[in-house]
Amino acid sequence: MKEGTQNYGSLSKTEEGCGDTAGSRPTWFTLTKPRIASDGAEDVTYSGSKRALLNRWMKKVKVRGGDLEAFIGPTDHCVEAMLRQHGGLGLEYNSLDRNIIDTAAWHRRKTQLIKAKREGINESFNGGSQRAALQSTDDEGCGGFDHEAVKLLETERERMEWALVVAIGFFMAIIGVIVSRTADDLLEWKLESALEWLERDGNESFWYYGLAQHVATSTILAMFAFIPVAIAPVSGGSGIAEAKATLNGVVIANCTAISTCCCKAVSVICSVAASLPAGLEGPMIFMGLSIGENANRLVPRNRPAFDLLRTDRHRIDFAAIGCAAGVAAAFRSPVSGVLFAMEEGSSFWSTNLTWRCFLSACVTVITMYAIMSKVLGNGSGFHVSNMAVFNGIDTNSSSNLALGDSDHPEFYLWEYGMFMLVGSFGGIIGGLFCSANRALALLRRRLSFNIVQKGIEVFVIAAVTATLIWVLPSFFSRCGDIEPRRLGHTYYKQFTCEEGEYNELATLLLNPLGAKGITLLFTEDDPDAFSMSTCIIAGMTHLVILCVAFGMSISAGIFIPLLFIGACLGRALALICNIFLDEAWNIDPRTYAIIGAAATLGGVVRVLISLTAIVTHTTSLSFFMTPVMLTTLVAQNVGNWVSDRPGIYDVILQLRGVPFLEEECPVVGRNANIRARNVMRKNVVTVCAEMLVKDLVDILRSNNDPDFPVVDKQDGSLVGIISRIDLLALLSQKKVLVSMGEDEVVLSYSELDEARPDPRNLPTGDEIGEHLSHDDELKYVYIAPYMQIAPMSIQGHGSAERAYEIFRSLGLRSILVVDKHSRPIGIITRHELALLEEIGENEHKVKQKKRSTLLYSQPHKDTQFE
C-alpha cells in the first residue's frame, strides 16, 4: 500500500478513529451461541418467550410517575437489553441481503465481461477488422457501451437461470414420487400384515397378535423417524415455518443443507408409515426449498457471467421456486404451488418470479405424470383425472368426477350460510389447536428433554396411537354392507365384521389418511356409509393425537391430517343437520366433508387463496371455489379472534425467537411517535477503507455485527458499507495483505465470491484470523473496492415506520442511521425491528395500568441533531 495514499479510509484506527464505536458496547450485546444439549444436538429453544420476559420485567419495575420513561423511554434500552441478554430476539440467526450489488469490484467485473464478449464478437466477424471499425463508431455515440455484447451476456445468464428452474422442478418430481410411494407402500405393508391375523379362523387370540404386530412395527418405524431428527434437529416438524423464515431473509443454521433434506425425507416416510397423524406435504415443501436454495451450486464458478445467480437475491428466489415445486409435487397442482409460494412463502415477489415458479411447478407435475403413468407401469396413460388426488376415480377409469360423472357433490344457494357456519367451527377448532399446541411447546421447553427423553416421547406417542387406532374399531364396531359402496373393495376394511361387510371406524383409521381416508369421505354419497358417531370418533381421535404429536422430534406435515379431521367433522355435521331437516332439504355429506376439511385447515394455518386452489384441484370440483373461499375466509378471521394469535407456523416462529418481519409494520410503529434513533443500536463499529489487519481482526472478534459502515477518514461521513462475510473472505486471502509502500492487490469478484465462507457456518471468536501470522497482522488490507457504495441509510429523526418499510421492502440485512452530517450514529437490523412488536405489547400493558402517557412522546435530546 502506497504511503500517503488519500482514499476513503485512514491507515490506522488509532490515528483517525476507525474501528471506534459510537459508545461503549454493553455487556449484554455479546452474542452467545445456542445452548448445546446433553446429547450434543443444538438446542433451538430458549428459556422463555419474548412476551414472557416482558411480563416478568413488568413485575419487577414499578410504573409510577416519572418512572415510565425510565421503564421504556426513547433514550433507555433496558427492555431491549434484557431481551437480548436472554436470547429472546434470535440473535443467533443471520440474515441475507437482497440489496443490489454496487461495489467497485462488481462494476469492474461487468466491464471486463463486456470487453471479453466484445473481443469474441469481433473475432467471429470477418477477422474482426470491419466489426472493430463499426464498434468504434457505435462506442462514440453511446459512451462506450456495447449493447450487443450486453445482450448476449444477458441471454446466456437467462438461459442458465431457466435451466436451473427446470432442474428444480425435475428433481423435485423425482424426490416427490420416491417419498410418496415409499411412505404409502410401507404403510400399506404394515397395515395389511397386521390385518392378516384377523383373517385366520378359530382363535380369538389372533386379534391380540395383530395388535402386537401393529404396535411393534409402528413404534419401530417411529424410532426410525426419530433418528434423523436426532442427527439434524432442524429437520424436525413440518418445515413450512423454516421455509417462511428462509424466504423472509433469515439464515437458519443447516436448515437448507442437502443432509437436512435427506434426514427430513427419511423421517417423514417413517412417520407416515408409523400411522402417526403425519402428512407429506409440509416436508415436501421444505425439500423443494432445500433443492431451490442449493440450485446455485450447479452454476459453474468458472463462468463470471453467471456470478449474479449466486447472489443472495437469486438464492431467495430459487428457494421460492423450490417451494412452489414442492407444493406442486405434494398436490399435483401447479397453480396451487405458485399461489402458496406467493401467499404463504415468499416475502419478495415479482412478475418474473411468478413465471419461473409456474414453469418449475409445471415441470414437476408433468414429470410426475410421466413417472407414475409410464415408469411405474400403471398402464393408465396420461389421463388428468388420475392425478386428482382425492376424487376417488379408479386408476383404470378415464372418467372425471367433475365433468364426466353426473353424481357429484352439490349444494344449494341457501347453503352458503351453512358454509359460513362450518367456517366458524373450523376457525374455533383452529384457534384452540394453535393455543393448545403452543402451550404444549412451552411445556416441552420447560421440561427440557434430552435426546433419550425425546426418543421416549416419540416411542410412547407412537405406541398409544397405534393401540388406539386398532382398539377403537373393536369397541365401536359398526359394520356395513360393502356391496352398495361406490369405491373398490380395497378401500374398506373388514376387521372384525362378517364376510362381505366392512368396519366403518377401521376403514377410516386403518387406511392411509390421504390416499384412502379423505377420498372415502369426499366421494361416498350414501349417508349410511359412515355414521355420525364414526366420523366424530375418527376426527376427534386424530385431532387430539395431532395436537400432542405435532412438536415432537419427528418430521411430519399437518395438511393431510387436518384435511382428514375437517372432513370427518364436516360430514358428521351434515348427518346431524339431516336429522332435523325434511328429506327434500337433506344436504349432501360429501359437500360438507370438503367444506369442513378446508375450514379446519384454514383455521389452523390461516391461508386463503392457495388453500382454495388446493381443495378444488385435488377434488376435481372447480365449481366449489366460491364455497371453499368463503369458508376459509371465515375460518381465518374466527381463528384470529379465538386465539388472538396468527397461524400455527407464525406461532412456531415466535416460540423459536426467529426475527420474522411481516409485510406491514407493527401497530405501535405505525401509530406511536417512534423515531429511527429510538430503535437503532447505537454501538455501531466503523471501519476505514484501509485497515491494519490486526485492528480488523480485533473488531471482528469483539463483536458480531453483520455489516460495518465505512467512513471517510477526514470528517467521519458515511461512504460505504461492507459485510462481515466479505471481511472474513478478504482476511482468508493473504495476497491482499500488503505492507506499507506496496501496491494493493485487488481481487476479482469471482475470487472474492469463492473465498466467502458459508453464511450458515461462520467462524467466531479466536477462529477468526487464526491462520494469520504475526507479520500478517502488521500488514494492511484495502477494502474500498469491495464495499457497497452509498448504502441505504435514514436520518435519526426519520420515523421507525419508514425504516421498517425500507428494510422490509428491499430485503436488507441492515440499514444505517446517520446524523445531519451523514455520520453513522447507529444501525438497525431485523433484530431491532422485531422489538417493535414487543414494545407494542408492553404499551398495551401500560395502558391496562391506567397510564395515559404515550410511549416515546417525549422529545429526544441528542446533541447530534442540535
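Fair warning: this is a prediction, and the values are worked out from it, not measured in the lab.

Participant: Tell me about the overall build of the chain, and please be specific about residues and values.
Facilitator: Scanning the chain from terminus to terminus reveals 32 helices and 13 strands. When contacts within the chain are restricted to residue pairs at least 6 apart in sequence, those whose partners lie at least 24 apart make up 77%. Of the roughly 35500 Å² of accessible surface on the chain, a fraction of 56% belongs to carbon and sulfur atoms.

Participant: Give me the lowdown on the pattern of salt bridges, citing residues and values where you can.
Facilitator: Where charged atoms of side chains with opposite charge meet at close range, the side chains can pair. Enumeration over the complete set of coordinates arrives at 31 salt bridges. The partner of Arg 315 in a salt bridge is Glu 293, and the shortest N-O contact between them spans 2.3 Å. Taken as a pair, Arg 315 in helix α12 (residues 312-331) and Glu 293 in helix α11 (residues 281-293) lie far apart in primary sequence, 22 residues in all. Each member of the pair Arg 315 and Glu 293 is classed as buried.

Participant: If you had to explain the environment of Ala 370 to someone new, which residues and values would you point to?
Facilitator: Relative to the helices and strands, Ala 370 is located in helix α14 (residues 351-375). According to the relative accessible area criterion, Ala 370 is partly exposed, its value standing at 30%. Spatially, the C-alpha atom of Ala 370 lies 9.9 Å from that of Ala 173, the residues being 197 residues apart in sequence.

Participant: Summarise the nonpolar core; cite the residues concerned and give the values.
Facilitator: The biggest cluster of nonpolar side chains holds 162 residues, and the ones touching the most others in it are Leu 521, Ile 558, Phe 559, Val 605, Ile 648 and Tyr 649. Top contributing element to this core by residue count: helix α7 (residues 147-195), with 16 residues. Among all residues touching Phe 559, those that are not within four sequence positions of it are Ile 240, Glu 281, Phe 331, Phe 340, Leu 601, Val 605, Ile 614 and Tyr 649.

Participant: I'd like to hear about the pairing of strand β6 (residues 707-711), residue by residue, with values.
Facilitator: Consecutive side chains along a regular strand alternate between the two faces of the sheet. Across the five residues of β6, five count as buried, placing the element largely inside the fold. Burial of β6 is two-sided: the residues Asp 707, Pro 709 and Val 711 facing one way and the residues Phe 708 and Val 710 facing the other way are all buried. Where β6 and strand β7 (residues 718-723) come together, five bridges link them in antiparallel fashion. Each bridged residue has a counterpart across the sheet, and for Val 710 the counterpart in β7 is Gly 720. The hairpin formed by β6 and β7 contains six residues between the paired strands, and Gly 716 there has a positive phi angle of roughly 75°.

Participant: I'd like to hear about the environment of Asn 704, residue by residue, with values.
Facilitator: Mapped onto the elements, Asn 704 comes out in the loop between α27 (693-702) and β6. Separated by 61 residues in the primary sequence, Asn 704 and Gly 765 place their C-alpha atoms 9.4 Å from one another.

Participant: Break down unusual backbone geometry for me, with residues and values.
Facilitator: For Ala 790, which is not a glycine, the phi torsion comes out positive at approximately 50°. For Ala 790, the position within the fold is in the loop between β10 (788-789) and β11 (793-795). Phi at Ser 822 is positive, roughly 60°, even though this residue is not glycine. Considering the arrangement of structural elements, one finds Ser 822 in the loop between β12 (814-818) and β13 (824-829). Under the relative-accessibility criterion, Ser 822 is labelled partly exposed at 37%.

Participant: Break down the confidence of the model for the chain for me, citing the residues and quoting the values.
Facilitator: Detail in the predicted coordinates should be disregarded across regions flagged by low pLDDT. Residues with a pLDDT of 70 or more make up 79% of the chain, whose mean pLDDT is 78. In this model, residues 139-143 is a region of pLDDT below 50 whose contacts with residues beyond four sequence positions or in other chains number four contacts. Here residues 379-388 scores under 50 on pLDDT; set against residues more than four positions off or in separate chains, the count is 27 contacts.

Participant: Residues and numbers for the side chain of Asn 248, please.
Facilitator: Its place among the elements puts Asn 248 in the loop between α9 (240-247) and β2 (250-251). Accessibility expressed as a relative area gives 1% for Asn 248, which makes it buried. Polar contacts involving the side chain of Asn 248 include one to the main-chain carbonyl oxygen of Leu 661, which spans 3.0 Å. Apart from the residues lying within four places of it in its own chain, the contact partners of Asn 248 are Ser 347, Phe 348, Pro 659, Phe 660, Leu 661, Arg 808 and Arg 830.

What counts, and at which threshold
The numbers attached to residues start from 1 for each chain and follow its sequence in the written order. Under the rules for a predicted model, residues below a pLDDT of 70 receive no local features and side-chain atom pairs below 80 are neither given nor counted, while totals for whole chains, interfaces and linings still include all residues. Hydrogens are left out, water is left out, and the side-chain values use all remaining heavy atoms of the structure. Here a strand is any run of E in DSSP of at least two residues, a helix any run of H or I of at least four, and the numbering for each starts at the N terminus. The criterion used for residue contact is that any of the two residues' heavy atoms lie within 4.5 Å. Note on areas: these come from Shrake-Rupley sampling with a 1.4 Å probe, and a residue is covered only by the protein chains present in the view. Between Lys or Arg on one side and Asp or Glu on the other, a salt bridge is scored when a side-chain nitrogen of the former is within 4 Å of a carboxyl oxygen of the latter. Burial classes follow relative accessibility: with a 1.4 Å probe on protein chains only, a residue under 20% of its type's maximum area counts as buried, one over 50% as exposed, and anything between as partly exposed. The nonpolar core is taken to be a set of buried Ala, Val, Leu, Ile, Met, Phe, Trp, Tyr and Cys residues, with the residues joined through side-chain atoms within 4.5 Å. Here, strands pair whenever DSSP counts at least two bridges between them. Per residue, pLDDT captures the predictor's confidence, and it can take any value from 0 to 100. Pairing of N or O atoms within 3.5 Å defines a polar contact, subject to two protein rules: one partner must be a possible hydrogen donor and the other a possible acceptor, and residues neighboring in sequence count only if both atoms are side-chain atoms.

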